[in-house]
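Below are the chains, spelled out letter by letter.
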Amino acid sequence: MAVKPDVRALTLDDYGGDRTVRAALSARLDRCLENIAMLGRVLGMMEIALQGRGDVGLAYIEGCMARERALAAEVRADAAFLAELLIATLRARGDERLTFWTMHLRGIRGVRAQDAAVRSVMDDARDLARFAEVGQVVERLAADRSALALPSFDLIVDADDVDMDTVPERCRTWFPAPAMRSRSDALRLIQLVMGAGFSSSDGAAQELRAAWNEGLPEVELAGGETAVLLPSKLRELYTGPREEAWCRTRARLADAPRERGLAAADAYRFAPPEGDRARYAVLTGTFTGAPEIAAGAEGVRVDLAACSGAEEPYAFLMPDLYGEPAVAIVPATRMWTKLRDVCEITDVDMSGRIGALLSAEYVSCEQGWVLVPCSVLEAAGIPADTRSFTLVGEGTCFELWPTDDWDARRTLYVDDLAALFED
């Protein structure tokens, strides 16, 4: 029986042993950095364009979407390569202590460039930080292969940067102190370091354990930002530059766009080709009763699959644009068309409606079901104890009405039409 050979992946030591190969790795790191920086800028500009709430913003999204998709594919390919490189390096070191970090790296190693075709723009915004984190570690190890193979802190805070009266007494000896921009990131970093196998007698481990138990102080910096301080012993564990600004000054990940701000931009990817209105016809009509609609304690669950909406990735929810006691449900495949339709109205100020569409809450469509939460029902003026609803198809969107209100409104429509024909 043939024995499968043990194929060893390339490590950072392999790259460091040859000048030409080392230069190739450096060039790829630089490319990864530039791609992440560019993707962050494009996503940020897309969010700003949508905040403009006008036709110009929509045109910008349409113009730069292909560029965003291409950059997302490049970044994913680079991140997978760097993650594989780190995993092989850790394995070659025989370092089995970084289990949590290695599991995280394996998840990144599994991403592929073609994933960008099915992943959303919101996913790209979420993934930027973790991809840059891998690049940061590889860059540090490439410069010093004996360095700690873990993510580093965000910044260094000097005593002059804060009001010392607001710093707990036990933390005043930490300065210059490493810091993170959020408490969750700070706790995660301590978990990673503590899981690296430092003994209980180690000074750094003792100080980190005490900080974990007693809490990490959050301070306001001179520039108005906030930061969560970490013990100075943590900084001593890392070799290399005093400040690692890789993901701050170049990729600007601290200012990464908000996922919510990109939801409407992502809808552009799901919009049918211009002029294709065939799918919209299925939204016209009235759908009522079980199993399409089910009211519960968390809100109202609507079965869009019963109305040919099973393939929707997510939907947007907002109070009715015309002030009626109803919730508008705009499927992702219709959102961009609805925005375009509203923007094309020039004889009336539509900025309020455009703003409502762009600030709508988005929810996933799990097997065609959409949950309209109680908060959205309340914003639409629908009492929390309402249990009977009717779903109405209105061209490019649905409307969820309390059945009594819809019946009353439909009667008014009929009366108005009768009066019109009588005249």
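Below, the structure is looked at part by part. (Residues numbered from 1 in each chain as written. Predicted model: local features only at pLDDT ≥ 70, side-chain atom pairs only at ≥ 80, totals over all residues. Heavy atoms only, no water.)

### What about the environment of aspartate 30?
Okay, step 1: Structurally, the position occupied by aspartate 30 is in helix α2 (residues 19-51).
Okay, step 2: As a C-alpha pair, aspartate 30 and glycine 135 span 105 residues in sequence and 9.4 Å in three-dimensional space. (Helix = DSSP H or I, 4+ residues; strand = E, 2+ residues; numbered from the N terminus.)

### Regarding unusual backbone geometry
Okay, step 1: A cis amide bond links phenylalanine 175 with the next residue in sequence, proline 176, at an omega value of -5°.
Okay, step 2: In this structure, proline 176 sits in the loop between β1 (155-157) and β2 (177-180).

### Brief notes about the environment of threonine 11
Okay, step 1: Tracing the sequence through the fold places threonine 11 in the segment before α1 (12-16).
Okay, step 2: Residue threonine 11 is classed as buried on the basis of its relative accessible area of 3%.
Okay, step 3: C-alpha of threonine 11 to C-alpha of alanine 88: the two residues are 77 residues apart in sequence and 5.4 Å apart in space.
Okay, step 4: Among all residues touching threonine 11, those that are not within four sequence positions of it are Leu85, Ala88, Thr89 and Ala92. (Buried < 20%, exposed > 50% of the residue type's maximum accessible area, 1.4 Å probe, protein only. Contact = heavy atoms within 4.5 Å.)

### Let's talk about helix α6 (residues 183-194)
Okay, step 1: For α6, with 12 residues, the first-to-last C-alpha span of 16 Å sits near the 16 Å given by 1.5 Å per residue.
Okay, step 2: Looking only at α6, the buried set comprises Ala186, Leu189, Ile190, Leu192 and Val193. Looking straight down α6, one finds its buried side chains confined to an arc of 160°; they lie on one side. (Expected span 1.5 Å × (residues − 1). Arc of directions from axis to C-beta.)

### Digging into the packing of aromatic side chains
Okay, step 1: On inspection of all chains with the given rule, the structure shows 4 aromatic pairs.
Okay, step 2: Residues tyrosine 314 and phenylalanine 316 carry aromatic rings whose centres are separated by 5.5 Å and whose planes lie at 65° to one another, so their mutual orientation is edge-to-face.
Okay, step 3: For phenylalanine 316, a relative accessible area of 1% puts it in the buried group.
Okay, step 4: One aromatic cluster is present, built from ring pairs that chain together Tyr314, Phe316 and Tyr362.
Okay, step 5: Above the face of the phenylalanine 81 ring, arginine 28 is positioned so that its terminal group lies 3.9 Å from the ring centre.
Okay, step 6: For arginine 301, the ring lying beneath its charged end belongs to tryptophan 369, and the centroid distance is 4.3 Å. (Phe/Tyr/Trp six-rings, centres within 6.5 Å; stacked < 30°, edge-to-face > 60°. Lys NZ or Arg CZ within 6 Å of the ring centre and 35° of its normal.)

### Let's talk about the pattern of salt bridges
Okay, step 1: Applying the stated criterion to the full structure yields 19 salt bridges.
Okay, step 2: Residue glutamate 84 pairs with arginine 109 through a salt bridge whose shortest N-O separation is 3.2 Å. Placement of the pair is glutamate 84 in helix α3 (residues 55-93) and arginine 109 in helix α4 (residues 99-109), with a sequence separation of 25 residues.
Okay, step 3: Since its relative accessible area comes to 26%, glutamate 84 is described here as partly exposed.
Okay, step 4: The partner of glutamate 225 in a salt bridge is arginine 181, and the shortest N-O contact between them spans 3.2 Å. (Salt bridge = Lys/Arg side-chain N within 4 Å of Asp/Glu carboxyl O.)

### Overview of the pairing of strand β4 (residues 226-229)
Okay, step 1: Pairing of β2 with β4, which is carried by 2 bridges, proceeds in the antiparallel orientation. Residue pairing for β4: alanine 179 is matched across the bridge by leucine 229.
Okay, step 2: Of the strand pairs in this sheet, strand β3 (residues 218-220) and β4 are connected by 3 bridges, and their pairing is antiparallel. By the bridge assignment for β4, valine 219 is matched with alanine 227.
Okay, step 3: Connecting β3 to the next strand, β4, in antiparallel fashion are 5 residues, including glycine 224 with a positive phi near 100°. (Pairing = 2+ DSSP bridges.)

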